[in-house]
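# Inside the fold
For reference, the chains in residue letters:
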Amino acid sequence: MVVGKLARGAISLTGNIVGKKSTAQVAVDGDGIHTDGIILRVLAKEKLEVALSTGMAGISPDDAAVALRSTSGLFVLKSGSDCVITVGASPQIPPGCIALDEAQRYNLHVAEGGEHGFVPFVPPEEFALVDLIGEVRLWRQDAAERAQAEDLQIDAKALCRQLANQTFGRVLAVGETVPVSLDGVNVLVRITATNHLTEEEQADVVVYHCYRGLITADTAVYLLPAAGFDQGLQLVNAVTKAERKLNHHLINVTTNDDEEFTVKKSLLRSCISLTKAVQHKAEEMAEVAVDVDCCTFDRVLLYLQADVLGRGAEWNFDINLADLLLEAARRLGCRSLEELCLQKMGDFHSRIREYRFDEIKRANAHGQCWIIVDGMVLDVTRWLPEHPGGNTIIPAQALDLEAACFFELYHSSRESFMYLKHFYIGEVCEEDRADVPCAEKPSEEFLQQLREYTTFRIDTSTPKIQTFKSF
Ligand code: HEM
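Rules and cut-offs
- Residues numbered from 1 in each chain as written.
- Predicted model: local features only at pLDDT ≥ 70, side-chain atom pairs only at ≥ 80, totals over all residues.
- Pairing = 2+ DSSP bridges.
- Helix = DSSP H or I, 4+ residues; strand = E, 2+ residues; numbered from the N terminus.
- Axes fitted to C-alpha atoms, helices over the stretch in contact; angles between N-to-C directions.
- Contact = placed C-beta atoms within 7 Å.
- Expected span 1.5 Å × (residues − 1).
- Buried ≥ 20, exposed ≤ 12 C-beta atoms within 10 Å, placed from the backbone.
- Arc of directions from axis to C-beta.
- Near = placed C-beta within 6 Å.
- Nonpolar A, V, L, I, M, F, W, Y, C, P; charged D, E, K, R; others polar.
- Parallel < 35°, antiparallel > 145°, perpendicular 65-115°, else oblique.

## Let's talk about the sheet that holds strand S23 (residues 424–428)
The sheet built from 4 strands is open, its strands ordered S20-S23-S22-S21 with mixed pairing. Of all the strands in the sheet, the pair left with one neighbour each is strand S20 (353–355) and strand S21 (370–373). With direction set aside, neighbouring strand axes in the sheet form an average angle of 40 degrees. As paired elements, S20 and S23 share 3 bridges and run parallel to each other. The residue bridging Glu 354 from the neighbouring strand is Glu 427, located in S23. Where helix H11 (residues 357–365) meets the sheet, its contacts fall on S20, S21, strand S22 (376–379) and S23, and the angle it forms with S21 comes to roughly 140 degrees.

## Here we look at helix H4 (residues 156–167)
Taking 1.5 Å of rise per residue, the 12 residues of H4 would be expected to cover 16 Å, and the 16 Å separating its terminal C-alpha atoms lies within 8% of that figure. Taken as a whole, H4 has its buried residues at Ala 156, Leu 159, Cys 160, Gln 162, Leu 163 and Thr 167. What you see down the axis of H4 is that its buried residues fit within an arc of 165 degrees, all on one side. Of the residues one or two after H4, Gly 169 is the one with positive phi, at around 85 degrees.

## Focus on the site of the ligand
Around the ligand there are 22 residues in total, and Pro 388, Gly 389, Phe 406, Tyr 410 and Ser 416 lie nearest to it. Elements that contribute at least two residues to the shell around the ligand include exactly helix H12 (393–397), helix H13 (404–410) and helix H14 (420–423). Considered class by class, the residues forming the shell around the ligand number 14 nonpolar, 7 polar and 1 charged.

## Describing the packing of helix H8 (residues 294–308) against helix H9 (residues 322–332)
Close contact between H8 and H9 brings their axes to 10 Å; oriented N to C, the two are set at 75 degrees. Between H8 and H9, the crossing angle belongs to the class labelled roughly perpendicular. Contacts from Thr 296, Phe 297, Arg 299 and Val 300 in H8 reach Leu 324, Leu 325, Ala 328 and Leu 332 in H9. Its residues assigned to classes, the contact of H8 with H9 comprises 6 nonpolar, 1 polar and 1 charged.

Right under this line is the structure:
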């Protein structure tokens, strides 16, 4: 890097003097960015006829050719300023000068005729503003003229839009003042807060401080009357951030059994059937009705929460609920939940088959715990330590026999039925059923109830055991 003395109108690349009036050199880095900047004399933009948009500072084309090279066109004072100006070229501006409007001079604390060093501003990566808050007061000429005026109203929403349009693509900093005109009324907006992060994101970071950022199409603008705002002007329809936040981030979901859930929109992003409601930007809270019952929707929300936290793929649920959740996922257009259900159901179906009685006995002899209940083969090996009746009774009493009678005997509630699908690995094949010893027959009532809870069972009436013919 070459470092030199700063001089008026001096801009150079690695020591080459540019422009007739340049008298010295400034430092540039390898990309041609002027790290030591350029000294420019301040002109009043309103006194010149420059074809530059509102809020854009102007320099001569000669200066621009070098000063704007490899930069984003954003500059700050070399002595330090929160206010970042956007600079463009205009032939009406003599070399070595910069045309600043009144607001820019005020924001940069510089006066007409003064000479100041300007350096390029390189925006950090995450620089877009999520929102900004500003306070509004009348521009002083208007304030004087309208001091007596009564019932002068300005619509806050329209003013927010006007400010957003006018400053789109620019950088605004806290403390900066922006003049805005709406329907012939001139106001000044002073920026009081800016945010790169949403409230939720802010809650996740330890230290957060934001004092300036880029205005994008997504930046939300909130305007409120300045304290002591009694100059005969009323700001109507003003929405505070707290009010907007409520409406903006939440959605009211009604399930098909008329239950209401107020849900964060961010949770429902992966439900593509709800896209319109999630994208809803109006002031009032978005409403949507879903063809899912409240219990299932509640579970879907648990999944969505896990998904947002990056743990969706590991989210575990009762296999008995897979059908309901799959249906809900399809109705809501939640592809990831649909896939999770199908995967779980696929795992379930792929492990289901018919077993020879010998095979079951062999598995048990090798440390497995496969029990037979009404011909169902249930693998409870890994779950045994969790069994509410203890881990010894099943291996001691219920292996290698028909255990339906024990099941009826020990389980007064029907809660145990809810677990069966988890453990179900198939059926004892038809031809071996008579060989399975049975201590006692269960009641018909028990069997009927059991079968009502186990509709997932496969049909064994046609043999599915593969047999190999020898020729
Ligand atoms: C997949 C098979 C099984 C499941 C899912 C299961 C589940 C349960 C559940 C949830 C309970 C709590 C009480 C209740 O719901 O009634 C329980 C208790 C019990 N289970 Fe099981 N069980 C199974 C098999 C067996 C077998 C085969 C036996 C006996 C050989 C047995 C013996 C007991 C006993 C003695 C209790 C304690 C009952 C009490 O405290 O009153 N369980 N079981």
